[in-house]
Amino acid sequence: MRELIVAIDDLPEQIVMFGDSASFDVPAGEHQARVTNRLFTKRMTLYTEPDETVFLQGANVGGGCFAATLIMGGTGAYRVSLERF
């Protein structure tokens, strides 16, 4: 399965494989989160409070033609989802 590349603001990117996680220490304020699989990208603006821990979940999910591209090409085109919880 395709890995995800995760970044917050201008901090170094982290590569996350299925089941793994990444963490970033950021000051309170507004931040830009980006998750990509180098084909599709999702961005999110985050607002953090002092000493707050924010959890995001990113995933590769099959698109509308996923099954057809999987059968024809041997791999599917995964799009990216990003949610705050």
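Residues numbered from 1 in each chain as written. Predicted model: local features only at pLDDT ≥ 70, side-chain atom pairs only at ≥ 80, totals over all residues. Heavy atoms only, no water.

A. Seen up close, the pattern of salt bridges. For the structure shown, the criterion picks out three salt bridges. Its salt-bridge partner being Arg38, residue Glu13 comes within 3.1 Å of it at the nearest N-O pair. Here Arg38 lies in the loop between strand E3 (29–36) and strand E4 (41–48) and Glu13 lies in the loop between strand E1 (4–8) and strand E2 (14–16), a separation of 25 residues in the sequence. Overall, Arg38 belongs to the exposed group, its relative accessible area being 56%. A salt bridge links Glu52 to Arg84, with the nearest nitrogen and oxygen atoms 3.2 Å apart. In this pair, Glu52 is assigned in the loop between E4 and strand E5 (56–62) and Arg84 in strand E6 (residues 78–84), connecting sequence segments 32 residues apart. On the basis of relative accessibility, which here comes to 34%, the residue Glu52 falls in the partly exposed class. Judged by relative accessible area, which is 36%, Arg84 ranks as partly exposed. (Salt bridge = Lys/Arg side-chain N within 4 Å of Asp/Glu carboxyl O. Helix = DSSP H or I, 4+ residues; strand = E, 2+ residues; numbered from the N terminus. Buried < 20%, exposed > 50% of the residue type's maximum accessible area, 1.4 Å probe, protein only.)

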